[in-house]
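Descriptive analysis of the structure
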Amino acid sequence: MADLAFGIDIGGSAIKAGRVDLGSGSVQTRLSHVATPMPSTPEAIIAAMDRLLDLHGVSSTMPVGISIPAPVVHGVVPSMANLDQKWTGVDVPTLVEARLGHPVTVVNDADAAALGEVGFGAAKGVAGTVIVTTLGTGIGSGVVVDGRLVPNVELGHLEIDSFDAETRASARQKNTENLSWEQWAARLQRYYSHVEKLFSPDLFVVGGAISEQSAHFLPLLDLRTPIVPAVLRNRAGVIGAALAASLTARTEP
Ligand code: BGC
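Quick notes on the rules
- Residues numbered from 1 in each chain as written.
- Predicted model: local features only at pLDDT ≥ 70, side-chain atom pairs only at ≥ 80, totals over all residues.
- Heavy atoms only, no water.
- Near = heavy atom within 4 Å.
- Polar contact = N/O pair within 3.5 Å; in protein donor to acceptor, adjacent residues only side chain to side chain.
- Areas by Shrake-Rupley, 256 points an atom, 1.4 Å probe, with all protein chains shown as cover.
- Nonpolar A, V, L, I, M, F, W, Y, C, P; charged D, E, K, R; others polar.
- Domains from an automatic or database assignment.
- Contact = heavy atoms within 4.5 Å.
- Buried area = accessible area lost by both parts, 1.4 Å probe.
- Salt bridge = Lys/Arg side-chain N within 4 Å of Asp/Glu carboxyl O.
- Phe/Tyr/Trp six-rings, centres within 6.5 Å; stacked < 30°, edge-to-face > 60°.
- Helix = DSSP H or I, 4+ residues; strand = E, 2+ residues; numbered from the N terminus.
- Buried < 20%, exposed > 50% of the residue type's maximum accessible area, 1.4 Å probe, protein only.
- Pairing = 2+ DSSP bridges.
- Axes fitted to C-alpha atoms, helices over the stretch in contact; angles between N-to-C directions.

As a further point, take the site of the ligand. All residues adjacent to the ligand are Pro69, Ala70, Pro71, Ala81, Asn82, Asn108, Asp109, Ile139, Gly140, Glu154, His157 and Glu166. Within the side chain of asparagine 82, an N or O atom sits 3.2 Å from an oxygen atom of the ligand. Relative to its unbound accessible surface of 310 Å², the ligand loses 94% to contact with the protein. A per-class count over the shell around the ligand returns five nonpolar, four polar and three charged. Residue assignment places the shell around the ligand across two domains, with domain 1 (4–111 + 235–251) and domain 2 (125–231) each supplying three or more.

Looking now at the domain arrangement of the protein. Split by domain assignment, the protein resolves into domain 1 (4–111 + 235–251) and domain 2 (125–231). Here the C-alpha centroids of domain 1 and domain 2 sit 24 Å apart. On the domain 2 side, the residues contacting the ten residues of domain 1 number 15 residues. In total, domain 1 and domain 2 occlude about 800 Å² of area from one another, counting both sides; carbon and sulfur atoms represent 44% of this. For domain 1, the biggest contributors to the area lost against domain 2 are Asn82, Ala110 and Asp111; these three give 59% of the whole. There are zero salt bridges connecting domain 1 and domain 2. Counting the contacts that link domain 1 with domain 2 gives two residue pairs in polar contact (both at pLDDT 80 or more). Residues that form the side of domain 1 that touches domain 2 fall into these classes: six nonpolar, two polar and two charged.

Tallying each qualifying case throughout the model produces five aromatic pairs. Summarising the aromatic geometry, the rings of tryptophan 181 and tryptophan 184 are spaced 6.2 Å apart at their centres and angled 55° between planes, so their arrangement reads as tilted. With tryptophan 181 and tryptophan 184 both in helix 6 (residues 181–199) and three residues apart, the pair spans about one turn of that helix. On the basis of relative accessible area, tryptophan 184 is assigned to the buried category, the value being 0%. Ring centres 5.1 Å apart and planes at 70° place the aromatic pair tyrosine 192 and phenylalanine 204 in the edge-to-face group. Placement of tyrosine 192 in helix 6 and of phenylalanine 204 in strand 12 (residues 203–207) is noted, with a sequence separation of twelve residues between them. An identical accessibility class is assigned to tyrosine 192 and phenylalanine 204; each is buried.

The sheet built from five strands is open, its strands ordered 9-8-7-12-13 with mixed pairing. Across the chains shown, the open sheet's two edge strands, defined by having one partner strand only, are strand 9 (148–150) and strand 13 (227–229). Averaged over all adjacent pairs, the angle separating strand axes in this sheet is 30°, with direction ignored. Here helix 3 (residues 109–120) sits on the sheet and contacts strand 7 (129–135), strand 8 (139–145), strand 9 and strand 12; the angle it forms with strand 8, its principal contact strand, is near 45°. Across the sheet, helix 6 lies against strand 7, strand 8, strand 12 and strand 13, angled at about 150° from strand 7, the strand it touches most.

Okay, here's the thing in structure tokens:
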């Protein structure tokens with residue numbers, strides 16, 4: 001495996017990027033943050049990525065991984081909930097390589113967070129089924145079984161009580177509806193107990209910026225499954241994207 005890879009995490013409000021040391025899982029130097037361009041079209045975001053690669057002096061041989069807030073099926077985005085609709089149907093690695101001349105690996109943002117937490121965080125060394133959820137604009141989910149990612153599991157869009165789950169229980173929804181921690185925790189309880197019933201996981205890991213305040217809501221949940229906050233915080237997407245890129249680089253002939 002390469003020693004270093006570059007990770008780019010594209011979110012609804014910010015794009016983060018940094019060089020990741022794959023031995024320790026740490027972000028070298030500093031993590032860059034830039035605002036997500038609006039409209040958040042593929043062209044505008046690829047231009048922002050170009051500037052980030054330049055800024056960090058990323059060489060053409062360094063593996064580059066990108067995480068995006070949508071499923072990624074063999075590089076193609078079948079549907080997009082939280083960025084511009086022009087992403088739908090795009091073959092992202094092909095488009096990025098055509099524009100920037102750099103091969104990239106593209107992965108779902110929650111899958112990236114799951115890879116990061118399993119590699120270096122709260123789920124390191126945990127056997128069985130780990131479900132990493134990210135509570136943010138939407139609800140992302142990454143499912144890892146005995147260390148292996150099952151990609152593109154979209155548990156944020158489970159239909160629960162006739163609602164798309166993320167429209168009730170995401171962190172954005174807590175803010176939009178000005179819910180108290182207790183009110184929001186009641187929705188999280190409904191959500192996690194449903195997922196628990198479906199998967200009987202060994203561990204839930206909760207990420208997203210709001211997980212830094214997990215003391216306000218995780219103790220309110222009553223589940224059979226242990227549930228812990230993510231430890232990589234806002235670096236999980238960048239670290240996981242870099243890991244995904246290094247794994248691709250290792251398996252390519
Ligand atoms: C998307 C997922 C994504 C999640 C978090 C959902 O709306 O469908 O692919 O992981 O938001 O960004």
